[in-house]
Amino acid sequence: MKKYRFLILAIVVIVFAGLTMLLWRPLVSFASNPEILRVWMQDLGIWGILIFGIFNFLQVVFAVIPGGPFELAAGYILGVVPGTLLCDITMTISSVVVFLLVRKFGIRFVELFVSRRQIENMGFLKDNQKVQSVLFFIFLLPGTPKDVVTYLAGLTNLSLKSWIFICFVGRFPAILLTALGGSALGNAKYGIVAVVIVVFAVAYLAGMRLYRKLDG
């Protein structure tokens, strides 16, 4: 049984690595040029939205691709509410996939994407009584290492139901704020963009402070 488990793990890793090498530059390039992406998505219609959702899904799985540009682009292209929901749903699904893979393969799978030092720095996740509230605040505030935490959550005693709640509800405010900024940018409402930047900066500093406090 272990033989097949390692074989499956190897296949998963090869697929992830191949997709990373193939899609890294296109993913970042698309997200960094929302106007080009908007034209491309309009030409493809519903398929464009589906492909964008897949791209957003992959950026969470890869853990090294920043999600902010995708959320900004989603608000710019689709509007605040559709862009927020698309990003939140796809990012929650990808986080659940990672969570289940970690539950299946354990820390060996985590170490393929997260360094030993990063794992050791997340020692506060070992507190089973506080892990749910700690994870929620990590996802609620920007400036915290959500991608790393996504891989480590599967090693905790957290239930799948709680993880889905944390991913969807916890991420929602930051995604909404970023999508709002993207929508305002697309409609040349620079006053709203400025307010979003200030609010996001304050929340980012709060997130950094929370993480440093947890990190000891």
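Just so we're clear, the structure is a prediction, and the values are computed from it rather than from any experiment.

Reading the values: rules and limits
- Residues numbered from 1 in each chain as written.
- Predicted model: local features only at pLDDT ≥ 70, side-chain atom pairs only at ≥ 80, totals over all residues.
- Heavy atoms only, no water.
- Helix = DSSP H or I, 4+ residues; strand = E, 2+ residues; numbered from the N terminus.
- Buried < 20%, exposed > 50% of the residue type's maximum accessible area, 1.4 Å probe, protein only.
- Contact = heavy atoms within 4.5 Å.
- Patch = residues over 30% accessible without salt bridge, like charges linked within 9 Å, V, L, I, M, F, W, Y side chains within 5 Å.
- Areas by Shrake-Rupley, 256 points an atom, 1.4 Å probe, with all protein chains shown as cover.
- Salt bridge = Lys/Arg side-chain N within 4 Å of Asp/Glu carboxyl O.
- Core = buried A, V, L, I, M, F, W, Y, C linked by side-chain atoms within 4.5 Å.
- pLDDT = per-residue confidence, 0-100.
- Axes fitted to C-alpha atoms, helices over the stretch in contact; angles between N-to-C directions.
- Parallel < 35°, antiparallel > 145°, perpendicular 65-115°, else oblique.
- Left-handed = near helix turned anticlockwise from the far one by under 90°.
- Nonpolar A, V, L, I, M, F, W, Y, C, P; charged D, E, K, R; others polar.
- Expected span 1.5 Å × (residues − 1).
- Polar contact = N/O pair within 3.5 Å; in protein donor to acceptor, adjacent residues only side chain to side chain.

Remarks on the overall build of the protein
When you go through the protein residue by residue, the secondary structure sums to eleven helices and zero strands. Listing every helix and strand of the protein by position from the N terminus yields α-α-α-α-α-α-α-α-α-α-α. Burial analysis of the protein (216 residues in total) assigns 43% to the buried set. Of all intrachain contacts in the protein linking residues separated by at least 6 positions in sequence, the fraction that spans at least 24 positions is 75%.

Notes on a nonpolar patch on the surface
Together, V81, L85, I89, I93, V97, F165, F168 and V169 make up an exposed nonpolar region whose accessible area comes to about 620 Å². The set of elements that each furnish at least two residues to the nonpolar patch consists of α5 (80-105) and α10 (160-186). Its place among the elements puts V81 in helix α5. Residue classification places V81 among the exposed positions, given a relative accessible area of 53%.

Here's the deal with the nonpolar core
One finds V110, L125, L135, F139, Y151, L152 and W163 to be the most contacted residues of the largest nonpolar core, which totals 29 residues. Among the secondary structure elements, those contributing two or more residues to this core are α3 (46-62), α5, α6 (107-110), α8 (131-140), α9 (146-152) and α10. Within the second largest apolar cluster, 13 residues are counted, among which are F55, L86, C87 and M91.

Digging into the environment of V110
By the secondary structure assignment, V110 is in helix α6. In this structure, the C-alpha to C-alpha distance between V110 and V148, residues 38 residues apart in sequence, is 9.1 Å. Beyond its immediate stretch of four places on either side in the chain, V110 contacts V102, I119, Y151, L152 and L155.

Points about the confidence of the model for the protein
The predicted model of the protein averages 77 in pLDDT, with 75% of residues at 70 or higher. Taken element by element, the predicted model of the protein shows its lowest mean pLDDT in helix α1 (residues 2-32) (58) and its highest in α5 (91).

Details of the packing of α3 against α5
It is at 8 Å that the axes of α3 and α5 come closest, and there the two elements cross at 45°. One element, α3, and the other, α5, form an angle in the oblique class. Crossing geometry of α3 relative to α5 is assigned as right-handed. Contacts between α3 and α5 involve I49, F52, G53, N56, F57, Q59, V60 and V61 from the former and L86, C87, T90, M91, I93, S94, S95, V97 and V98 from the latter. Its residues placed into classes, the contact of α3 with α5 shows eleven nonpolar, six polar and no charged.

Observations concerning α3
Along its 17 residues, α3 runs 25 Å from first to last C-alpha, staying within 8% of the 24 Å computed at 1.5 Å per residue. Residues of α3 that are buried include every one of G48, F52, G53, F55, N56, L58, Q59, V60, V61 and F62, and no others.

Considerations on α5
For α5, built from 26 residues, the straight-helix expectation of 38 Å at 1.5 Å per residue is met to within 8% by its first-to-last C-alpha distance of 37 Å. Following α5 by one or two positions, G106 adopts a phi angle in the positive range, close to 75°.

Some words on the side chain of S95
In this fold, S95 is placed in helix α5. Given the relative accessible area of 0%, S95 is considered buried. A distance of 2.8 Å separates a polar atom in the side chain of S95 from the backbone oxygen of M91.

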